[in-house]
Amino acid sequence: MSGERKGYLDSAYAVEDAESTRNLYKDWAATYEEEVRANGYVTPTRCAHALANLAVNSSAPLLDLGCGTGLSGEAFKAAGFETIDGSDFSEEMLAYARAKPGVYRNLIHADLHNPLPASAGDYAHIAAVGVFSPSHAPAEMIDQVIALLPPGGCFVFSLNDHALEDPSYDQRIGALSDAATAEVAFREYGEHLPARGIKAVVCVLRKLRGDIPQFAPV
Ligand SMILES: C[S@@+](CC[C@H](N)C(=O)[O-])C[C@H]1O[C@@H](n2cnc3c(N)ncnc32)[C@H](O)[C@@H]1O
């Protein structure tokens, strides 16, 4: 961040509901990339490499949930994924993603608190990079994503140190694994925003079979 310009990173960890989250990204859209890059944001690249290294079919369509300005889409593109759709509930963030030629096939305005903007089988891979936190997207979304994937399909996502304080995400991962509905194909704790000393788990869940255990509130 340069000079007097206001930073929003700390606010991102303080928002408590969907409306304040949407307002945050409305204000942050113009300076989001500058601020996260200045803090060494490496999670899009980590997620893209984690998925690509599993030798998945990079020609099959990928849905980038909470795509924001498109940093995550750019990372998947650079890792070889050819067909990427993005979705976000911030029109202001989406406007920056739209301005990036050749990254996204479609960009969809959608709130992750509603049913996901896809039908079962539309996507072989789904991503949520820098998206999971209690005010952004609930843990139930993990079940919804797995329900949309075909067997063998992968969901790659990150959980930063703040999200890891909420046990509900790991509880959903554990429940899906215990039921053999999905397996953890990759999990690594590493850098997220190194200039801030914030780390993140990057996780890839691979769907094993069709049925989803009923979500139990935690
Ligand atoms: C930290 S940014 C990550 C953006 C991008 N994936 C990246 O890695 O740069 C989080 C994004 O999630 C979006 N988001 C947060 N809550 C959401 C919700 N309930 N529905 C849809 N998008 C949401 C925000 O608008 C924002 O663009």
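Preceding this section is the structure that the text describes.
Bear in mind the structure is a predicted one, so any value in this text is a computation, not a measurement.

With respect to the sheet that holds strand β4 (residues 125-128)
Strands sit in the order β3-β2-β1-β4-β5-β7-β6 across an open sheet of seven strands; the sheet is mixed. In this open sheet, the two strands that pair with only one neighbour each are β3 (106-109) and β6 (182-193). Ignoring strand direction, the axes of neighbouring strands in this sheet form an average angle of 20°. Note that strand β5 (residues 154-160) and strand β7 (residues 198-207) share seven bridges and pair antiparallel. Within β7, the residue paired with F155 across the bridge is L205.

Structural notes on the site of the ligand
The full set close to the ligand counts 21 residues, and Y32, Y41, G66, D88 and L112 are the nearest of them. A distance of 2.9 Å is found between a nitrogen atom of the ligand and a side-chain nitrogen or oxygen belonging to S72. Elements with a contribution of two residues or more to the shell around the ligand: α2 (18-28) and α5 (71-78). The class makeup of the residues in the shell around the ligand is 11 nonpolar, eight polar and two charged.

What counts as what
Residues numbered from 1 in each chain as written. Predicted model: local features only at pLDDT ≥ 70, side-chain atom pairs only at ≥ 80, totals over all residues. Heavy atoms only, no water. Pairing = 2+ DSSP bridges. Helix = DSSP H or I, 4+ residues; strand = E, 2+ residues; numbered from the N terminus. Axes fitted to C-alpha atoms, helices over the stretch in contact; angles between N-to-C directions. Near = heavy atom within 4 Å. Polar contact = N/O pair within 3.5 Å; in protein donor to acceptor, adjacent residues only side chain to side chain. Nonpolar A, V, L, I, M, F, W, Y, C, P; charged D, E, K, R; others polar.

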